[in-house]
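Structural overview for review
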Amino acid sequence: MLVTDLPLADRVALVTGASRGIGFATAQALARMGAHVIACGRSKRLLEDLDDALKAEGLAPATLVPFDLRDFPAIDRLGQAIFERWGRLDVLVGNAGQLGQLGPIGHVKPDAWNELMEVNVTANWRLIRSMDPLLRIAETGRAVFVSSGAARRIRAYWGPYSVTKAALEALAKSYAAELVETHVRVNIFNPGPVRTAMRAKAMPGENPETLPQPAEAATELVKLCLPSCTAQGEIFDSKV
Ligand code: NDP
């Protein structure tokens, strides 16, 4: 198959949390479909591992953007840089997230609460704010936000994480509703339990061997990034 026949050939895709886990696998899957990946995460070393993995497969190198998503002006600068270099953004995957502190909701430290809200919610709003014009310019702009079953399945001791994911879903659905008359499509992906560092932190007693690999979740997620995806404002629960 020619590279130009790939479904995301010549497309530019931004993935947050691409340094490991589901984001890393999503960046790989998008690159295999022909996209040029802009990979974000705090760890430069882990982003370089992604770049090495892409090159080892003979894929185009990614553009690595190591920064903390709580640096909101940096998100604005990234939008400006993408506009100057490519003039558009075809795919936005808001995947980066943190688990935060599990425990009684009244025991959560204010700093921990604020950090979780900033990473899981506010950063995604800032991404929308900065990338919306670029998605609208793209021929088939696609945005996917990675949520969790915890947004809707509320249980004791998971309060802050659940609050942020419920807010993220409201944010993404609001954004999707504003775009019905455009060619931009915005959806939400719930990966379910996946074998990552976050899951191990949440469920330390669980045997990770029983869980799907990030690549399996990524295969589902990237379907929402394709020009052929017509859904708008829907929540997709992973089938793996
Ligand atoms: P990991 O902990 O493995 O990866 C999280 C990613 O987010 C890392 O790349 C990390 O990069 C990035 N990140 C975290 N904080 C920041 C920050 N302040 N600035 C920039 N990047 C940040 O988690 P998963 O891969 O498991 O999770 C990915 C998404 O999937 C999350 O939104 C999570 O809530 C969701 N999810 C995961 C499930 C699972 O079972 N794994 C289940 C349901 C939902 P770095 O540390 O380099 O900054």
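Everything that follows concerns the structure shown earlier in this document.
Starting from 1, residues in each chain are numbered consecutively following that chain's sequence as written. Side-chain atom pairs in this predicted model are given and counted only at pLDDT of 80 or more, local residue features only at pLDDT of at least 70, and totals for whole chains, interfaces and linings cover all residues. Hydrogens and water molecules were not included; the side-chain quantities draw on all heavy atoms of the structure.

**Re the overall build of the protein chain**
- Only DSSP runs of H or I with at least four residues qualify as helices, and only runs of E with at least two residues qualify as strands; both kinds are numbered from the N terminus onward. Looking only at helices and strands, the protein chain features seven helices and seven strands.
- Helices and strands appear in the protein chain in the N-to-C order β-α-β-α-β-α-β-α-β-α-β-α-α-β.
- C-alpha atoms define the radius of gyration in this analysis, and the globule rule sets the expected value at 2.2 Å times the number of residues to the power 0.38. Compactness check: the protein chain gives a C-alpha radius of gyration of 17 Å against a globular reference of 18 Å for 240 residues, within 12% of the reference.
- Along the first, second and third principal axes, the C-alpha atoms of the protein chain reach 55 × 40 × 30 Å.
- Between buried and exposed lies partly exposed: a residue is buried under 20% and exposed over 50% of the maximum accessible area for its type, with that area taken using a 1.4 Å probe on protein chains only. Burial analysis of the protein chain (240 residues in total) assigns 52% to the buried set.
- Residues count as neighbours in contact if any of their non-hydrogen atoms are within 4.5 Å of one another. Relative to all contacts within the protein chain whose residues are 6 or more apart in sequence, the contacts with residues 24 or more apart total 72%.
- With an accessible surface of roughly 11000 Å², the protein chain has 55% of that area assigned to carbon and sulfur atoms. Computed by Shrake-Rupley with a 1.4 Å probe, the accessible areas treat only the displayed protein chains as cover when residues are assessed.

**Considerations on the pattern of salt bridges**
- Any Lys or Arg side-chain nitrogen found within 4 Å of a carboxyl oxygen on Asp or Glu counts as a salt bridge. The full count for this structure, using the stated rule, is 16 salt bridges.
- With a closest N to O distance of 3.8 Å, Arg-77 and Asp-71 form a salt bridge.
- Between Arg-152 and Glu-169 there is a salt bridge, with its nearest N and O atoms 3.2 Å apart. Note that Arg-152 is positioned in the loop between β5 (142-146) and α5 (159-178) and Glu-169 in helix α5, a separation of 17 residues in sequence.
- Look at Arg-152 and you get partly exposed, because its relative accessible area is 42%.
- A relative accessible area of 6% places Glu-169 in the buried class.

**Observations concerning the packing of aromatic side chains**
- Paired rings are identified among Phe, Tyr and Trp, the last through its six-membered ring, by centres lying within 6.5 Å, and are further divided according to the angle between planes into stacked (under 30 degrees), edge-to-face (over 60) and tilted (the rest). In total, this model carries one aromatic pair according to the counting rule given.
- Relative to Tyr-161, the ring of Trp-158 lies with its centre 5.9 Å away and its plane at 65 degrees, an arrangement referred to as edge-to-face. Taken individually, Trp-158 and Tyr-161 each receive the classification buried, so the pair is uniform in this respect.

**A few points about the nonpolar core**
- To define a nonpolar core, start from buried Ala, Val, Leu, Ile, Met, Phe, Trp, Tyr and Cys residues and group those joined through side-chain atoms within 4.5 Å. Ranked by size, the top nonpolar core spans 33 residues in total, and within it Leu-30, Val-37, Val-93 and Leu-221 carry the most contacts.
- Broken down by secondary-structure element, the contributors of at least two residues to this core are β1 (12-15), α1 (21-32), β2 (36-41), α2 (44-56), β4 (91-94), β5 and α7 (214-221).
- The element best represented in this core is α1, accounting for seven residues.
- Those residues in contact with Leu-221, other than ones at most four positions away along the chain, are Ile-22, Thr-26, Val-93, Val-144, Val-146 and Phe-189.

**Let's talk about the sheet that holds β1**
- The strand order across the open sheet formed by seven strands is β3-β2-β1-β4-β5-β6-β7, and the pairing between neighbours is parallel. Each edge of the sheet is formed by a strand with only one pairing partner; in this case those strands are β3 (63-66) and β7 (235-237). Here the average twist between neighbouring strands, direction ignored, is 20 degrees.
- One bridge is not enough; two strands pair if DSSP finds at least two bridges between them. Bridge count between β4 and β5: four bridges; the pairing is parallel. Across the sheet, the residue bridging to Gly-94 is Phe-145, located in β5.
- Fitted lines through C-alpha atoms give the axes, limited to the stretch in contact for helices. The angle between two N-to-C directions lies from 0 to 180 degrees. Together, β1, β2 and β3 form the strand contacts of helix α3 (residues 72-86), whose direction differs from that of β2 by roughly 165 degrees.

**Here's the deal with the environment of Asp-51**
- On the secondary structure map, Asp-51 appears in helix α2.
- A sequence separation of 25 residues divides Asp-51 from Asp-76, and the C-alpha atoms of the two residues are 24 Å apart.
- When sequence neighbours within four positions are dropped, the list of residues in contact with Asp-51 reads Pro-61, Ala-62 and Leu-64.

**Considering the site of the ligand**
- Inspection of the region around the ligand gives 30 residues, with Arg-20, Arg-42, Asn-95, Tyr-161 and Thr-196 positioned closest.
- Contact distances for the ligand include 2.7 Å between an oxygen atom and a backbone N or O atom of Asn-95.
- At a separation of 2.8 Å, an oxygen atom of the ligand approaches a polar backbone atom of Val-194.
- Coverage of the ligand by the protein amounts to 95% of the 880 Å² it exposes when considered alone.
- Going through the elements one at a time, α1, α5 and α6 (197-202) are the ones with two or more residues in the shell around the ligand.
- With three residues, α6 is the largest single contributor of residues to the shell around the ligand.
- Counted by class, the shell around the ligand contains 13 nonpolar, 12 polar and five charged residues. In these notes, residues near a molecule or strand are those with any non-hydrogen atom within 4 Å of it. Counted as a polar contact is a pair of N or O atoms within 3.5 Å, where, for protein atoms, one must be capable of donating a hydrogen and the other of accepting one, and residues adjacent in sequence contribute only when both atoms are in side chains. Under the scheme applied, nonpolar residues are Ala, Val, Leu, Ile, Met, Phe, Trp, Tyr, Cys and Pro; charged residues are Asp, Glu, Lys and Arg; polar residues are all the others, including Gly.

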